[in-house]
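If you want the building blocks of each chain, they are given just below.
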Amino acid sequence: MPFDTALTRMLGIDIPVISAPMAGVAGGKLAAAVTGGGGLGLIGGGYPDPAVIEHEFGEAGNAVVGIGFITWALAKNPAALDVALAHSPKAVFLSFADIAPFVAQAQSFGATLIAQVQTVGQARAAADAGADMIVAQGTEAGGHGAARATLPLVPAVVDAVGSIPVLAGGGIADGRGLAAALALGAAGAVVGSAFVAAEESLASANGKR
Ligand SMILES: Cc1cc2nc3c(=O)[nH]c(=O)nc-3n(C[C@H](O)[C@H](O)[C@H](O)COP(=O)(O)O)c2cc1C
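Only a predicted model underlies this, so the values are computations on that prediction, with no experimental measurement involved. (Residues numbered from 1 in each chain as written. Predicted model: local features only at pLDDT ≥ 70, side-chain atom pairs only at ≥ 80, totals over all residues.)

Please explain the pairing of strand β8 (residues 188–191) as it appears in this structure.
For a regular strand, the rule is simple: side chains alternate between the two faces of the sheet. The side-chain alternation of β8 yields two buried faces, one formed by G188 and V190 and the other by A189 and V191. Relative to β8, strand β1 (residues 17–19) is paired through 3 bridges, and the arrangement is parallel. If you follow S19 over to β8, its bridge partner there is V191. Here strand β7 (residues 166–169) runs beside β8; their pairing, made up of 3 bridges, is parallel. Paired with L167 across the bridge in β8 is G188. Following the backbone out of β7, through helix α9 (residues 175–183) and into the adjacent parallel β8, one traces a crossover that is right-handed. (Buried ≥ 20, exposed ≤ 12 C-beta atoms within 10 Å, placed from the backbone. Helix = DSSP H or I, 4+ residues; strand = E, 2+ residues; numbered from the N terminus. Pairing = 2+ DSSP bridges. Right-handed = clockwise from strand over helix to strand, strands pointing away.)

How do you make sense of the pairing of strand β3 (residues 66–70) when you look at a structure like this?
Within β3, 5 of the 5 residues are buried, leaving the element largely enclosed by the surrounding structure. By the alternation rule, side chains of β3 split into G66, G68 and I70 and I67 and F69, which are all buried. As paired strands, strand β2 (residues 42–46) and β3 are joined by 4 bridges and run parallel to one another. Residue pairing for β3: G46 is matched across the bridge by F69. For β3 and strand β4 (residues 91–95), the ladder comprises 4 bridges, and the chain directions are parallel. Of the residues in β4, the one forming a bridge with I70 is S95.

The following block contains the structure:
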């Protein structure tokens, strides 16, 4: 049976999975492969370097992909967002600081603005700032989450942000995890660690093993 969630509808994708914008790991090839598989692949813009952004969009070829940034690092180098938006990313994904300075610019280029948060308070702030979608990132998230695990955080964020679609991030690595995320009220999942091991990721061979 095909998936039909707010995520698949908003992004026009078949599978409600977004690959995480993992700095140094999620390059254009991985993003393109995830999109080719029916989800949406994101390039890890990380601590942004315009030359790397250009290169990785090139690696993605003609695939529709998005890009993610560590927001406080983007604030130090905001021109990197212009470089990314010139490639018409389907989504701009921001983590770890106030998204407000970047929302209008990203949306004006037609990108879906996805904010990754670690607490209910941050989710409310992201909603107020105009995020199109919110990722509730639990402590399982590759060591990146704050204080609350995915299982309790996701429904709390769903309840807090009204009609804004929520994605679950942290510890989701297969269909069972995705089903659990949907059961919690999420519209899909952000998957990182499982894609580190993908052939297309930029992780070292040892890391993949
Ligand atoms: C190796 C690695 C690097 C990551 N780098 C980033 C990053 O640069 N920016 C970001 O927003 N999130 C980053 N994350 C976190 C992801 O966005 C996401 O929340 C997480 O991978 C989801 O949990 P999972 O790894 O259990 O699937 C990273 C995760 C991993 C595993």
